[in-house]
Amino acid sequence: MLNRRWWDVVAVAVVAVIVVITLIDTPIGPQTYAAWGVLAAFLVVYAAYFRGRLGFKDSGHHLAITALLFVILTAGTAFEASFATMQTFAYPYLWVTAPSTRRAVSSNVVLSLGVALGYALHYGWAGALVGAGVAGLSLAFSIGLGLWITRIAEIGDERARLLEELQAAQGELAALHRDAGVTDERARLAREIHDTIAQSLTGLVMVAQRTGNRLSGTDGTPVDAVRAAAAREDVALIEEMAREALTEARGLVAALAPVDVGSTLADALGRLAATFERETGVEVDVRADAAGLGRELEVLLLRTAQEGLANVRKHAHARHAWITLGTGGGAARLTVRDDGVGPGDARPGEGGFGLSGLRDRLALADGRVAFGAAPDGGTELAVEVPLGGASTRLDAASTRLDAAPSRRVDGTAAGRWPGAAPAGSEREANG
């Protein structure tokens, strides 16, 4: 409605139509020339003033616009009755430049009076009735159409405003979710550090202080062989505790490292296993036979494998570990198994927050996690995430593989899998 080029076309088209009508309505006389002069004046006023007021709604300017159109229509219609065609431009222009609906209606009424007056001046007072009829019909059509379009515009503006508010609210909600996620992750990280590295370092400081006291001979006696032997034991203990703290730190870093799935999840698991071997010396076999899981599910399963290897690093004292990934029955299943000391009486979420956090993360995908002793010793962590729809119960037997994975990640197998946990040996936690 406020496109200036569109209004340029309308103004020129209305002038052209009036000129054509006056040319057809012969003979051409002084009144025709006078009407053309009014048309020329209209084009000048439009280019100099009307065109620049599009998009601006000011009471003073709208009053001036109404007065100018009243004069142009009255004078033009007085010379040529066909000049009333100018109403097709004047009424809509008054609507789009009016500061309010009331001002638009009142200016339309004034313009219709100008048309009626022009007819009266052209035909005499006997033609005033015809002019009143034409002006009345035009006025009624203009007001009806103007009110309808104005209502539509108001509804559109209201919807646009509501949409902006909704988008703003969604943005605020997303920001709150991000902040809540960051806060939760910071709290979890703080708990992890407190339960692992901080406690190890605290013990390390205490042992170091005790060693210093033994070596300094605080009671005034020289350091004898007994104290020296005890100090050497303390130094060995310091070294062991430092190594444990270093292992915990590396596990924490590995768990928090950015996830890079890469080309396929199988490739990412292979890279994860290779890195773990270099850092710990624990041999890791990977068997991954799943494709098309979707990026979010792949990231979730990779995080699960990271958490499983982190537990192997911190607790298992293992020499070998196995990672298995497969799909079936509408779900993806991943297991991380080792030949270490076993879980003992540990349950998911006890003694740390890794498995508890993993369980919470799986709950978002309607997944399940099982944690328990492997049949040949060691520990097994198994998760099941539905590929779509509701989650089915985690069936321990479905995650048992008869073929042991080789050092490949292409789905082939060699040797014998260490076995499956007997029924009831796993401790299952719902996601």
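That block above? That's the structure.
None of these values were measured; they are calculated from a predicted model. (Residues numbered from 1 in each chain as written. Predicted model: local features only at pLDDT ≥ 70, side-chain atom pairs only at ≥ 80, totals over all residues. Heavy atoms only, no water.)

Engineer: Would you mind going over helix α4 (residues 87-97) with me for this structure?
Structural biologist: Helical geometry note: an α-helix holds 3.6 residues per turn, so side chains three or four residues apart project in the same direction. Within α4, nine of the eleven residues are buried, which leaves it mostly tucked inside the rest of the structure. Of all the residues in α4, the buried ones are Gln87, Phe89, Ala90, Tyr91, Tyr93, Leu94, Trp95, Val96 and Thr97. (Buried < 20%, exposed > 50% of the residue type's maximum accessible area, 1.4 Å probe, protein only. Helix = DSSP H or I, 4+ residues; strand = E, 2+ residues; numbered from the N terminus.)

Engineer: Even after reading the chapter, I still don't get the pairing of strand β2 (residues 320-328), so can you show me in this structure?
Structural biologist: Successive residues of a regular strand alternate their side chains across the two faces of the sheet. Across seven bridges, strand β1 (residues 283-289) lies against β2 in parallel orientation. Paired with aspartate 285 across the bridge in β2 is tryptophan 322. Relative to strand β3 (residues 331-338), β2 runs antiparallel, the two being bridged by eight bridges. Opposite glycine 328, over in β3, you have alanine 331 as the bridge partner. Between the end of β2 and the start of β3, which pair antiparallel, lie two residues, with glycine 329 showing a positive phi angle near 65°. (Pairing = 2+ DSSP bridges.)

Engineer: Would you take a moment to explain the packing of helix α3 (residues 59-79) against α4 for this structure?
Structural biologist: Any two packed helices are characterised by the angle at which their axes cross and by the distance between the axes. Close contact between α3 and α4 brings their axes to 11 Å; oriented N to C, the two are set at 170°. Taken together, the axis directions place α3 and α4 in an arrangement best described as roughly antiparallel. In this structure, α3 contributes His62, Ile65, Thr66, Leu69 and Leu73 to the contact, and α4 contributes Gln87, Ala90, Tyr93, Leu94 and Thr97. For the contact of α3 with α4, a count of residues per class yields six nonpolar, four polar and no charged. (Axes fitted to C-alpha atoms, helices over the stretch in contact; angles between N-to-C directions. Parallel < 35°, antiparallel > 145°, perpendicular 65-115°, else oblique. Contact = heavy atoms within 4.5 Å. Nonpolar A, V, L, I, M, F, W, Y, C, P; charged D, E, K, R; others polar.)

Engineer: I tried to follow the packing of α3 against helix α5 (residues 101-123) on my own but got confused; where do I start?
Structural biologist: With their axes 7 Å apart at the nearest point, α3 and α5 run at an angle of 20° to one another. The pairing of α3 with α5 is recorded here as roughly parallel in orientation. The way α3 lies across α5 gives a crossing that is right-handed. Judged by residue contacts, Ser59, His62, Leu63, Thr66, Leu69, Phe70, Leu73, Thr74, Thr77, Ala78 and Phe79 of α3 engage Arg103, Ser107, Val110, Leu111, Leu113, Gly114, Val115, Leu117, Gly118, Tyr119, Leu121 and His122 from α5. Across the contact of α3 with α5, the residue classes tally to 13 nonpolar, nine polar and one charged. (Left-handed = near helix turned anticlockwise from the far one by under 90°.)

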